[in-house]
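Survey of secondary and tertiary structure
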Amino acid sequence: MAYTIAVAGKGGTGKTTIAGFLVDYLVKNKMTPVLAVDADPNANLNQVLGMEVETTLGEIREEVSIKNRDGKLPGNMTKAEYINLKLQQAVIEGRGFDLLVMGRPEGVGCYCFANGLLKEATDRLSDNYRFMVIDNEAGLEHLSRRTTKKVDLMFAVSECSKRGIDAAARVKELIEELHLDVKNLYLIVNRVPESGLTDEIKKAIDGYGLELAGTVPLDGKIFDYDNLGLPLVKIPEDTPALKAVRSIFDSFLTAVKDY
Ligand SMILES: Nc1ncnc2c1ncn2[C@@H]1O[C@H](COP(=O)(O)OP(=O)(O)O)[C@@H](O)[C@H]1O
Ligand SMILES: [Mg+2]
């Protein structure tokens, strides 16, 4: 099974940015093949990675249920076999990595089936990759629905505020409450101003028993790239936020380089 790294946290904290940098890091360090999974219904990991999305799991779910209803599933295969075939078509090939997008199911807003499909897809595909990176949705729905079997390393991303740390601590609580198989959990505080972490924030981190992986500075370049619609993975190598993120990855991933 692939070494699975998940990025979790509240909306807007920088999960997708960090997940995108992580995919790029793994590819550049030849820790391939990598499967990038966008598990957020508001998919945008592809933009950070500079890729077009052709098919999402949400669309597959829609197609299969309509065909099933109309009795139009291919006669020579079971529904499960048909879904499996479709799953393979949903894997988008990038340079050194593949991307799987959950997307938003059409119609009545139940994510259960798409979540189930996502779990099935990641379980099935996991053996084909050395590393899997999951960009989680904000609401932790995937965690609570056990989308993934095991997570080797999880980064909880927080904004730089006391309330941000409170929200990150909720990720830790959820993992414990639900007995999720998350081997290692670390906090990344993102968009940190030049003055650094305040004593209040440091105290909150300690108080919750969170382990700080590192901090990432507030960086105008990231903002600029995002606003111009440019893929973040094309950002100059000397961008402070990118350097900070890479140094975090170095300290946590060098040991599993040959996984
Ligand atoms: N270190 C940073 N400095 C400046 N802007 C950032 C930084 N990290 C993320 N951003 C910006 O913050 C916004 C939210 O980031 P995103 O990765 O989409 O968050 P999430 O996936 O958690 O919702 C984006 O516009 C992104 O460009
Ligand atoms: Mg996101």
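All residue numbers refer to position in the chain's written sequence, counted from 1. All chains are assigned letters beginning at A, and all ligands numbers beginning at 1, according to the order in which they are written. Owing to the predicted nature of the model, reporting of local features is limited to residues with pLDDT of at least 70; listing and counting of side-chain atom pairs is limited to 80 or more, with chain, interface and lining totals taken over all residues. Computation of side-chain values: all heavy atoms of the structure, hydrogens and water removed.

Moving on: the pairing of strand S4 (residues 97–101). For S4, the tally of buried residues reaches five of five residues, placing the bulk of the element in the interior. We treat two strands as partners when DSSP finds at least two bridges between them. Only DSSP runs of H or I with at least four residues qualify as helices, and only runs of E with at least two residues qualify as strands; both kinds are numbered from the N terminus onward. Inspection of the sheet shows strand S2 (residues 34–38) paired to S4 by five bridges, in the parallel sense. When the bridges of S4 are listed, valine 34 appears paired with phenylalanine 97. In this structure, strand S3 (residues 92–93) lies alongside S4, joined through two bridges in antiparallel fashion. Within S4, the residue paired with glutamate 93 across the bridge is aspartate 98. Joining the antiparallel neighbours S3 and S4 is a turn of three residues, in which glycine 96 adopts a positive phi near 85°. For every residue, the accessible area (1.4 Å probe, protein chains only) is compared with the maximum for its type, and the residue is labelled buried under 20%, exposed over 50%, or partly exposed between those bounds.

Moving on: the site of ligand 1. It suffices for a single heavy atom of a residue to lie within 4 Å of a molecule or strand for the residue to be listed as near it. Surveying the vicinity of ligand 1 reveals 16 residues, the closest of which are Gly12, Thr16, Thr17, Arg191 and Asp226. Polar contact criterion, stated in full: a pair of N or O atoms within 3.5 Å, where within protein one must be able to donate a hydrogen and the other to accept it, and residues adjacent in sequence count only if both atoms are side-chain atoms. One of the backbone N or O atoms of glycine 14 is found 3.0 Å from an oxygen atom in ligand 1. In this structure, a nitrogen atom belonging to ligand 1 sits 2.9 Å away from a main-chain N or O atom of proline 217. The Shrake-Rupley method, run with a 1.4 Å probe sphere, supplies the accessible areas, and residue values consider only the shown protein chains as cover. Protein coverage of the free-state accessible area of ligand 1, which is 550 Å², stands at 84%. In this structure, ligand 1 is accommodated by the largest pocket. Every element with two or more residues in the shell around ligand 1 is listed here: helix H1 (15–28), strand S7 (185–192), strand S8 (212–217) and helix H9 (220–227). The leading source of residues in the shell around ligand 1 is H1, at three residues. The residue classification treats Ala, Val, Leu, Ile, Met, Phe, Trp, Tyr, Cys and Pro as nonpolar and Asp, Glu, Lys and Arg as charged. All others, Gly included, are polar. Grouping the amino acids of the shell around ligand 1 by side-chain chemistry returns four nonpolar, seven polar and five charged. With a 1 Å grid laid over protein atoms only, a set of points is called a cavity when a 1.4 Å probe fits there but cannot get out and a pocket when it is open yet has protein on both sides within 12 Å along at least five of seven lines; lining residues have an atom within 4 Å of a point. To decide whether a molecule occupies a pocket or cavity, check its atoms: if more than half lie within 2 Å of the grid points, it is inside.

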